[in-house]
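Commentary on secondary and tertiary structure
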Amino acid sequence: MLHSSAFTPGALLTGRRALVTGGAAGIGAAIAHAFAAHGADVLVADIAPRAPLDFDPGAGGAITTVEFDVRTGTADLLLAHEPDILVNNVGHYLRPPHLFADNTVELWRELHEINLGHVLRLTHAVLPGITERGRGGSIINLTTVEAHRAIPGHTVYSAYNAALTQFTRSLAAEVGPAGIRVNAIAPDLIETVQVPYADLVPEEDLPLWPTWSPLGGPGQPEDVAGAALFLASGLSRFVTGTTIHVDGGTNANGGWSPRSSGGWTNRPRNP
Ligand SMILES: NC(=O)c1ccc[n+]([C@@H]2O[C@H](COP(=O)([O-])OP(=O)(O)OC[C@H]3O[C@@H](n4cnc5c(N)ncnc54)[C@H](O)[C@@H]3O)[C@@H](O)[C@H]2O)c1
């Protein structure tokens, strides 16, 4: 029996139109470039536009960047692009770790706006157009490993990202019948401006990477872009409401670390 397949080699997003928030640097930029390299017409909305990086235009893709603050910008400018792929990539922990007891209400508001508020607003604004055009669509929300495990010192950041995970699941159930898929990507250990491991990890600690994650590290923005390309394209046509963990295995690994003497422990004596 012959199987109909969307999985032939070649460009995966020919003719698709994508909107990527925070796509001028880091993970968002890698996603924008992967999409364009696979033929998508990509609009990047970023508070700090930068010169676009090179990508192979052979597949007919393009990247346009507009200056846009997801916390305050009005979506109309972005809706004119008529996206059928939306990547809600902007998110941040905003402050060095500190106790919940020392939080202010103002910080909770800021964390809400940068991690959850804009995702609700932009998704709400984009959905009617995707539905009306009837070409199907894919919405991809960037969360974090800390939506799935604890992060002491960032309690409210983790709470809003857990909320985003649940928003992803419930919206997927609502809009699936319209051919729109909604998924999340939960990164950890990706080298970016937000988490510059090259500066954070001293030279003498580099051999410790294999003890911090089953796949070592750090990961690169392109590692997340691979998952986003999968979720945006027909490769994932039967996948919705789920999270892909791009973290070198830290979510699965939980509190386990390898012992220097062999085996593993979840009760390290010299953390
Ligand atoms: N890097 C990691 O290991 C990691 C880990 C967990 C979660 N994440 C999540 O992945 C996503 C991308 O992370 P990253 O490390 O690439 O981030 P980054 O901070 O390095 O880059 C974010 C991009 O968003 C833009 N931006 C910031 N605020 C904006 C605003 N208000 N409006 C529009 N654009 C804005 C920045 O200019 C930048 O181009 C975020 O949601 C982040 O929380 C990343």
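That block above? That's the structure.
Below you will find a few notes about this structure. Along each chain, residue indices are assigned from 1 in the same order as the chain's sequence is written. At least 70 in pLDDT is required for a residue's local features to be given in this predicted model, at least 80 for side-chain atom pairs to be given and counted, and no such filter applies to totals for whole chains, interfaces and linings, which use all residues. Hydrogen atoms and water are omitted, and side-chain values are computed over all heavy atoms in the structure.

Turning to the site of the ligand, a few remarks are in order. Proximity is defined per residue: any heavy atom of the residue falling within 4 Å of a molecule or strand makes that residue near it. Around the ligand sit 30 residues, and of these Ile27, Asp46, Asn89, Ile190 and Thr192 come closest. Between the ligand and asparagine 89 there is a distance of 2.7 Å, counted from an oxygen atom to a backbone nitrogen or oxygen. Pairing of N or O atoms within 3.5 Å defines a polar contact, subject to two protein rules: one partner must be a possible hydrogen donor and the other a possible acceptor, and residues neighboring in sequence count only if both atoms are side-chain atoms. Isoleucine 190 is positioned with one of its backbone polar atoms (N or O) 2.8 Å from an oxygen atom of the ligand. Computed with a 1.4 Å probe, the accessible areas rest on the Shrake-Rupley method; for each residue, only the protein chains presented here act as cover. About the coverage of the ligand: the protein hides 91% of its 840 Å² of free accessible area.

Here helix 3 (residues 105-133) is 29 residues long and its end C-alpha atoms lie 41 Å apart, about the 42 Å a rise of 1.5 Å per residue gives. Along its length, helix 3 reaches its greatest deviation from straightness, about 50 degrees, at glutamate 113. Helix numbers and strand numbers start at the N terminus; a helix is a DSSP run of H or I with at least 4 residues, a strand a run of E with at least 2. Of the residues one or two after helix 3, glycine 134 is the one with positive phi, at around 70 degrees. Multiplying 1.5 Å by the residue count of a helix minus one yields the expected span of that helix. We define the bend at any residue as the angle between the axes fitted to the seven residues before and including it, ending there, and the seven starting there.

Quick look at helix 1 (residues 26-37) now. For helix 1, with 12 residues, the first-to-last C-alpha span of 17 Å sits near the 16 Å given by 1.5 Å per residue. The element helix 1 is largely enclosed, with a buried count of 10 among its 12 residues. Burial classes follow relative accessibility: with a 1.4 Å probe on protein chains only, a residue under 20% of its type's maximum area counts as buried, one over 50% as exposed, and anything between as partly exposed. Within helix 1, the full set of buried residues consists of Ile27, Gly28, Ala29, Ala30, Ile31, Ala32, His33, Ala34, Phe35 and Ala36. Phi for glycine 39, located one or two positions after helix 1, is positive at around 100 degrees.

Attention now moves to the pattern of salt bridges. A pair is scored as a salt bridge if a Lys or Arg side-chain nitrogen falls within 4 Å of a carboxyl oxygen belonging to Asp or Glu. In the structure shown here, the tally under the stated rule is 10 salt bridges. Residues glutamate 113 and arginine 121 are paired through a salt bridge, measuring 3.2 Å at the closest nitrogen-oxygen approach. Measuring nitrogen to oxygen at the nearest pair gives 3.7 Å for the salt bridge that ties arginine 149 to aspartate 188. Of this pair, arginine 149 sits in the loop between strand 5 (137-142) and helix 4 (155-175) while aspartate 188 sits in the loop between strand 6 (180-187) and helix 5 (197-200), placing them 39 residues apart in sequence. Of the residues examined, arginine 149 reaches a relative accessible area of 31% and is grouped as partly exposed. Judged by relative accessible area, aspartate 188 falls into the buried class, the value being 12%. The structure contains a network of salt bridges with shared partners spanning Arg16, Asp84 and Arg135.

Residue proline 218 is bonded to the preceding glycine 217 through a cis peptide linkage, with omega at -5 degrees. Within the chain, glutamate 82 stands out as a residue other than glycine whose phi angle is a positive 55 degrees. Along the chain, the position of glutamate 82 falls in the loop between helix 2 (76-79) and strand 4 (85-88). Under the relative-accessibility criterion, glutamate 82 is labelled partly exposed at 41%. Residue leucine 189 is not a glycine yet carries a positive backbone phi of 65 degrees. On the secondary structure map, leucine 189 appears in the loop between strand 6 and helix 5. Residue classification places leucine 189 among the buried positions, given a relative accessible area of 13%.

Now for the side chain of histidine 118. For histidine 118, the position within the fold is in helix 3. Histidine 118 gets classed as buried once you look at its relative accessible area, which sits at 1%. Contacts are assigned to residue pairs that have any heavy atoms within 4.5 Å of one another. Apart from residues lying up to four places away in sequence, histidine 118 is in contact with Val70, Val90 and Glu113.

Now for the packing of helix 3 against helix 4. Where helix 3 contacts helix 4, the axes come no closer than 9 Å and their chain directions differ by 15 degrees. For the element pair helix 3 / helix 4, the angle class is roughly parallel. In the crossing of helix 3 with helix 4, the sense of the turn from one axis to the other is right-handed. Residue-level inspection shows Trp108, Leu111, His112, Asn115, Leu116, Val119, Leu120, Thr123 and Leu127 of helix 3 in contact with helix 4, the latter providing Val156, Tyr157, Tyr160, Asn161, Ala163, Leu164, Phe167, Leu171 and Val175. Side-chain classes follow a simple rule in which Ala, Val, Leu, Ile, Met, Phe, Trp, Tyr, Cys and Pro form the nonpolar group, Asp, Glu, Lys and Arg form the charged group, and the remainder, Gly included, forms the polar group. Grouping the amino acids of the contact of helix 3 with helix 4 by side-chain chemistry returns 14 nonpolar, 4 polar and no charged. To define axes, lines are fitted to C-alpha atoms, for helices over the stretch in contact only, and angles between the resulting N-to-C directions are given on a 0 to 180 degree scale. Put simply, angles under 35 degrees are roughly parallel, angles over 145 are roughly antiparallel, angles from 65 to 115 are roughly perpendicular, and the rest are oblique. Should the near helix be turned anticlockwise from the far one by less than a right angle, the crossing is termed left-handed; should it be turned clockwise, right-handed.

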